[in-house]
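# Residue-level structural notes
Residues per chain are reported as follows:
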Amino acid sequence: MKVVLFNPLIPQNTGNIIRLCACTDIKLILIGPLGFSLNNKYLKRASLDYRDLAVVEFIENKDSFFEKYKQDDYQYAFLSTKGGKYYNQIPLCSNKENLLIFGNEDVGLPEDIYNDFSNTLYRIPMKKNIRCLNLSNAVAIVVYSLLEKSSFYGFC
């Protein structure tokens, strides 16, 4: 599985996600433009020394991402408050690698995603009239849900 962030804006959230990815041996893919520099002090502080233990890939833009990570080769799961299915319904794919794809803290996913990938939109349930969860919390919830489906294989 891989975690993908579209245009993250808050370095502390991304730093927390870097730590999560280091702890779970999951690659993090950041799609630009970013709302901060990868040398940002808040990113470094939140990720601590885990940054050196995480595999982080930066991709310039959305088109480059979809060109490299084709749907034929990967199982997409887009996370959004607009998703029609719950995150615990994301299938753990045996023949394709799961890509857990999250939007940014301000506007979420790019608008065309909602039309082009409506069948792979998932949400984390929450109380009505609440905008959203913190991005790093949302990523942790979904990652550990899929790890549980695999019976935490390879973890102690």
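Below: a short report on this structure. Please read these numbers as outputs of a predicted model, since none were measured by experiment. Position numbers for residues count from 1 along each chain, tracking the sequence in the order it is written. Where local features are concerned, this predicted model is filtered to residues with pLDDT of at least 70; where side-chain atom pairs are given and counted, the filter is 80 or more; whole-chain, interface and lining totals use all residues. To get the side-chain values, take all heavy atoms of the structure and skip hydrogens and water.

## Some details on the pattern of salt bridges
- When a carboxyl oxygen of Asp or Glu lies within 4 Å of a side-chain nitrogen of Lys or Arg, that pair is called a salt bridge. Summed over all chains, the structure comprises 4 salt bridges.
- One salt bridge connects E97 with K2, and the closest N-O pair in it is separated by 2.8 Å. Of the two residues, E97 is situated in strand β6 (residues 97-102) and K2 in strand β1 (residues 2-6); the sequence distance between them amounts to 95 residues.
- For E97, a relative accessible area of 28% corresponds to the partly exposed category.
- By relative accessible area, K2 is classed as buried at 11%.
- Across the pair K62 and D112 runs a salt bridge, and its minimum N-O distance is 2.7 Å. You can see K62 sitting in helix α3 (residues 62-68) and its partner D112 sitting in helix α4 (residues 111-116), a full 50 residues away along the chain.
- Under the relative-accessibility criterion, K62 is labelled partly exposed at 22%.
- The class of D112 is partly exposed, set by a relative accessible area of 32%.
- A network of salt bridges, in which partner residues are shared, links K27, E57 and K68. In this text, helices come from DSSP runs of H or I with a minimum length of four residues, and strands from runs of E with a minimum of two, each type numbered from the N-terminal end. When accessible area is computed with a 1.4 Å probe and restricted to protein chains, residues below 20% of their type maximum are described as buried, those above 50% as exposed, and intermediate ones as partly exposed.

## A closer look at the packing of aromatic side chains
- Classification of ring pairs uses Phe, Tyr and Trp, with its six-membered ring standing for Trp, and accepts pairs whose centres are within 6.5 Å; under 30 degrees between planes counts as stacked, over 60 as edge-to-face, and the remaining range as tilted. Scanning all chains against the criterion turns up 11 aromatic pairs.
- With a centroid separation of 5.7 Å and an interplanar angle of 80 degrees, the aromatic rings of Y76 and F78 are classed as edge-to-face. Across the pair, exposure class does not vary: Y76 and F78 are buried alike.

## Quick word on the pairing of strand β2 (residues 27-31)
- Most of β2 is tucked away: 4 of the 5 residues are buried.
- Orienting the strands away from the viewer, one traces the path from the first strand over the helix to the second; a clockwise path indicates a right-handed crossover. Following the chain from β1 across helix α1 (residues 11-24) to the adjacent parallel β2, one finds a crossover that is right-handed.
- One ladder, built from 4 bridges, connects β2 with strand β3 (residues 56-59); its direction is parallel. Across the sheet, the residue bridging to L30 is F58, located in β3.
- What joins β2 to β3 is helix α2 (residues 41-47), and the crossover it makes is right-handed. The criterion for strand pairing is that DSSP finds at least two bridges linking the strands in question.

## So, the environment of G103
- Mapped onto the elements of the fold, G103 is located in the loop between β6 and α4.
- Residue G103 is classed as buried on the basis of its relative accessible area of 6%.
- Considered as a pair, G103 and S80 are 23 residues apart in the sequence and their alpha carbons are 7.5 Å apart.
- Whether two residues touch is decided by their heavy atoms; if any such pair falls within 4.5 Å, the residues are in contact. Setting aside anything within four residues of it in sequence, one finds G103 in contact with F6, L79, G108, L109 and L135.

## Examining a nonpolar patch on the surface
- A patch is a set of surface residues, each over 30% in relative accessible area and not in a salt bridge, joined within 9 Å for like charges and within 5 Å for the nonpolar side chains Val, Leu, Ile, Met, Phe, Trp and Tyr. In short, Shrake-Rupley with a 1.4 Å probe defines the accessible areas, and a residue's cover is counted only from the protein chains shown. Together, M126, I130, L133 and I141 give the surface a local cluster of nonpolar side chains, amounting to about 290 Å² of exposed area.
- Among the residues examined, I130 registers a relative accessible area of 45% and is labelled partly exposed.

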